[in-house]
Amino acid sequence: MSASNNQLDKKSQAWSALFSEPMSELVKRYTASVFFDQRMWRADIQGSLAHADMLAAQGIIGADDLAAIQRGMAQITEEIESGRFEWKLDLEDVHLNIEARLTQLVGDAGKRLHTGRSRNDQVASDVRLWLRSEIDNLAPLLADMQRALVAVAEKHTETVMPGFTHMQVAQPVSFAHHLLAYVEMFARDTERLADVRKRVNRLPLGAAALAGTSYPLDRERVAKALGFDGVCFNSLDAVSDRDFALEFSSFAAITMVHVSRLAEEIVLWMSQNFGFIDLADRYCTGSSIMPQKRNPDVAELARGKSGRVVGHLMGLITLMKGQPLTYNKDNQEDKEPLFDTVDTLRDTLRIMAEMVGGIVVKPDAMEQAALKGYATATDLADYLVKKGLPFRDAHEVVAHAVKQALQQGVDLSALPLDVLKGFHAAIGEDVYEVLTLRGSLNARNVLGGTAPAQVRAQIARHLARLAQTTT
Ligand code: ARG
């Protein structure tokens, strides 16, 4: 193609003959996004094809133009997939790179593609298309994460560990119950993601630069072709707001915080001071100086990476603040944080699900730890309440009993009956049943409680729910 056929090849001429001097190299590099936004090329081509198809159906371009555009885009797709496509910094971004190549390949039909369209509605549509497909890839990973947790939980409804508040031993819980807490968190994350998708899945194309266009576009047709649930109804809003990205980023930050909490517990549980679990060697690293070390690096990194995802949310939300309507170049800065958020979340969910599957549980260590902190003290108080004492009085009685047990360095269940009776006459032989860890566990047979029967019911509910989600 001749140079005049392909004005886009010269950046200073990309938009008009108005410019009398070329852009400085520094400005070119500063304003270009092609080296990161090329990642959206598939969405860009998809959007262009739907737009072109509609332009032809509306009689705005000819059927021959459409055919040429389709042919050109097929070749470009092939070039990009095979790594032969030449991305040019001079052409600023993914949109101009593809359009320039199209024009080079098919001539005037390529130049007609941008009729009734602006890069402003184009980029907003591309980001939404790209993000939607990433959302659809993430949802199964969240399901896998939950499945991995439920699979371990299934084996440990009777495994007792100390439940903590303030990081102090509080009451006995089962390991299964503890893991299912995370399943609940990831289930809510999944709901949030599905909700975000609804607002991502709206079509900006047709808003053009900001005000709509004078061509008789059929926006509904384009929306349908691209699988959008509908169009954005205000052109100014369509090209300028990125709240869908903020929402996604917020979903991701919350999910990563959940991952981070789990990672932190895995690190704690694996330390010698807890010794609750072990991790398969493939998730650990050694130390270059201390030969005995096996470090839970993967869990630590997952915890650490939550920081960058939360950081991206802060970055994106600050990016939006103070932007007057409508499109501003600030919005080009939405991509890198969004891309990195998706990459980090995807890799983290994958590796954490795998690692959870490789957890080796040490039930004895968990049980010993639960025995250490008078975890059944509340059970003794509840026992007295059932014998007729007001709860506050029972609480006081048990505090005295714990004090004495502490002084003797024994568990409550090791105090002889006559000693226990000394704290309150209502205490009888049957007290020892409630003072055991298992007695305590079984007693918490309320919906959502840690009793094995309840936990098994929850496992069944989760399995049924997860069976409905496809991988
Ligand atoms: N690369 C730009 C972005 O990411 C595309 C839109 C540019 N529009 C414009 N009028 N300069 O936002």
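Residues numbered from 1 in each chain as written. Predicted model: local features only at pLDDT ≥ 70, side-chain atom pairs only at ≥ 80, totals over all residues. Heavy atoms only, no water.

Engineer: Would you mind going over the pattern of salt bridges with me for this structure?
Structural biologist: Side chains carrying opposite charge are able to pair once their charged atoms draw close together. Under the defined criterion, the tally for this structure stands at 33 salt bridges. Of the charged contacts in the structure, one is a salt bridge between Arg346 and Glu134, with a shortest N-O distance of 3.8 Å. With Arg346 in helix 13 (residues 335–357) and Glu134 in helix 7 (residues 119–154), this pair connects stretches of sequence that are 212 residues apart. Judged by relative accessible area, Glu134 falls into the buried class, the value being 11%. Across the salt bridge formed by Lys198 and Asp195, the nearest N and O atoms sit 3.0 Å from each other. Taken together, the positions of Lys198 and Asp195, both in helix 8 (residues 175–200) and three residues apart, correspond to about one turn of that helix. Through salt bridges with shared partners, one network takes in Arg39, Glu134, Asp343, Arg346 and Asp347. (Salt bridge = Lys/Arg side-chain N within 4 Å of Asp/Glu carboxyl O. Helix = DSSP H or I, 4+ residues; strand = E, 2+ residues; numbered from the N terminus. Buried < 20%, exposed > 50% of the residue type's maximum accessible area, 1.4 Å probe, protein only.)

Engineer: Just checking my understanding: could you explain the site of the ligand for this structure?
Structural biologist: As a structural note, the neighbourhood of the ligand is formed by Ser33, Asp37, Asp93, His95, Arg119, Asn120, Val123, Tyr327, Gln332 and Lys335. Tyr327 has a polar side-chain atom sitting 2.5 Å from an oxygen atom of the ligand. Gln332 places a polar side-chain atom, nitrogen or oxygen, 2.8 Å from a nitrogen atom of the ligand. Compared with its free state, where it exposes 340 Å², the ligand has 85% of that area covered by protein. Looking at the shell around the ligand element by element, the count peaks at three residues for helix 7. Taken together, the residues of the shell around the ligand sort by class into two nonpolar, four polar and four charged. (Near = heavy atom within 4 Å. Polar contact = N/O pair within 3.5 Å; in protein donor to acceptor, adjacent residues only side chain to side chain. Areas by Shrake-Rupley, 256 points an atom, 1.4 Å probe, with all protein chains shown as cover. Nonpolar A, V, L, I, M, F, W, Y, C, P; charged D, E, K, R; others polar.)

Engineer: Explain the nonpolar core here, please?
Structural biologist: Note that soluble globular proteins tend to have their nonpolar side chains buried in a common cluster. One finds Phe248, Ile266 and Ile277 to be the most contacted residues of the largest nonpolar core, which totals 107 residues. Here the element with the most residues in this core is helix 7; it accounts for 16 residues. In contact with Ile277, not counting residues within four places along its chain, are Phe175, Ile266, Trp269, Met270, Ile359, Val360, Val361, Lys362 and Met366. With 19 residues, the next largest nonpolar core counts Leu380, Ala381, Tyr383 and Leu435 among its residues. (Core = buried A, V, L, I, M, F, W, Y, C linked by side-chain atoms within 4.5 Å. Contact = heavy atoms within 4.5 Å.)

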